[in-house]
Amino acid sequence: DTLNGMASVSDASAAAVFYLLQYQNTGDPEYLRKGRMLLKFLLAMHAPDGYFYNYIWKDTRIHADGMQSKAVPAWWSWQVLWAFGEALDILDPQDQLTYMISRYRNILINTVIHDGHFGSKATETAMGITIPTWLPQGDAADEAALLIVGMTKALQQPSYSVNLDKTDVAAHIRHFAAGIMMMQVDAPGTMQDGAFLSHDNIWKSMDNLQAYALLTAGQQLKDTTMIQSALREINTYYPSMLKQGLMNEWSIKKEGGKLIPFDSRPFPQEVSGWRPMVWACLKAYEIKGEHQYLDLAKTGSAWLTGENAAKLAMYDPSTGRTFDSIIQEGVINKNSSGRTTIEALLIMQALEEYTSHH
């Protein structure tokens, strides 16, 4: 990426998760070695305020001031939080990295907890839709979902360093979850019913991790409201959307007390729109034990192998390489970014794990 830099924390975090889970599944030390190298890169990208920078330049300087790279409460910091949580499940407690990861993870969470913005209860409206203003970026429910996933891990894990007030962590998870649930579409009879908006009055498939996050946190906090809200999206919205083929995004507005969808865009369709759905379905299967959820996950992942608008395989099992997106009916963008390949591998990995162990 010539504009932002050579390597990103966001991609490295997802790759670290993939390698660590592969190590857990296979015991192959090469996966652990790669995962640890990526974790060291993430640690080197921390900023004094607790957040993380995203990009480095070719000469390995940190790109400290770019809009997509500043150390701010944004997507890439939550990606690190996610990776650190997964790492602490898998690394040996005696591993020197365990202490460092725990330390910087806890500093990041404490920074979030002490940031007054995240404690607000104010709302605003976008085209008649009520929007919570206490989520990351003000209204990014997709970012809040990733933050919840990382914070839920912190509730489950021992602290090896900087202490966390777990009551505070749980309260923030509940507060972010309340914001996400406020952005669930309630329009029975429409295709959009049950969907979690991504931000403002807009739904995007990319990184729409809200159902997975609510199931993960709901399971940990024994909160049936969170679980039911997530299952509503999976039971109602996913099947109706799959029937139409994956959407890229759409918007919704309220007029005369009615919710009206508009500006629906089916393309481009990207792997990062499928992975959150597949993960949510597999999590629902884990919690409920009902095979319909496993079937739904398989239906979603079939997009990679040719059940899609291009009628072509997006994923090559011999190399793991994955094409970036479907631009329109029958047309593929044949670029293959690191991000796309990692997302596809995370889908395949999760499916394999659930079908072989459950």
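**So, the pattern of salt bridges**
Logical step 1: By the definition in use, this model includes 14 salt bridges.
Logical step 2: In this structure, D95 and R36 form a salt bridge, with 2.9 Å as the shortest nitrogen-oxygen distance. You can see D95 sitting in the loop between α3 (75-90) and α4 (96-113) and its partner R36 sitting in helix α2 (residues 29-44), a full 59 residues away along the chain.
Logical step 3: Overall, the relative accessible area of 16% leaves D95 in the buried class.

**Let's talk about helix α10 (residues 291-301)**
Logical step 1: Those residues of α10 lying buried are Y293, L294, L296, A297, G300 and S301. Looking straight down α10, one finds that the buried residues subtend no more than 160° of arc, so they occupy a single side.

**So, helix α7 (residues 210-221)**
Logical step 1: Compared with the 16 Å implied by 1.5 Å per residue over 12 residues, the 16 Å span of α7 between its first and last C-alpha is a close match.
Logical step 2: By the criterion of burial, α7 is predominantly enclosed, with 10 of the 12 residues buried.
Logical step 3: Within the span of α7, buried status applies to Q210, A211, Y212, A213, L214, L215, T216, A217, G218 and L221.
Logical step 4: Two residues or fewer after α7 comes K222, characterised by a positive phi angle close to 50°.

**Observations concerning the packing of α4 against helix α6 (residues 166-182)**
Logical step 1: It is at 11 Å that the axes of α4 and α6 come closest, and there the two elements cross at 60°. The angle between the axes of α4 and α6 places the two elements in the oblique class. The handedness of the crossing between α4 and α6 comes out as left-handed. Note on element contacts: α6 touches α4 through D168, V169, H172 and F176, opposite I109, V112 and I113.

Definitions and cut-offs
Residues numbered from 1 in each chain as written. Predicted model: local features only at pLDDT ≥ 70, side-chain atom pairs only at ≥ 80, totals over all residues. Heavy atoms only, no water. Salt bridge = Lys/Arg side-chain N within 4 Å of Asp/Glu carboxyl O. Helix = DSSP H or I, 4+ residues; strand = E, 2+ residues; numbered from the N terminus. Buried < 20%, exposed > 50% of the residue type's maximum accessible area, 1.4 Å probe, protein only. Arc of directions from axis to C-beta. Expected span 1.5 Å × (residues − 1). Axes fitted to C-alpha atoms, helices over the stretch in contact; angles between N-to-C directions. Parallel < 35°, antiparallel > 145°, perpendicular 65-115°, else oblique. Left-handed = near helix turned anticlockwise from the far one by under 90°. Contact = heavy atoms within 4.5 Å.

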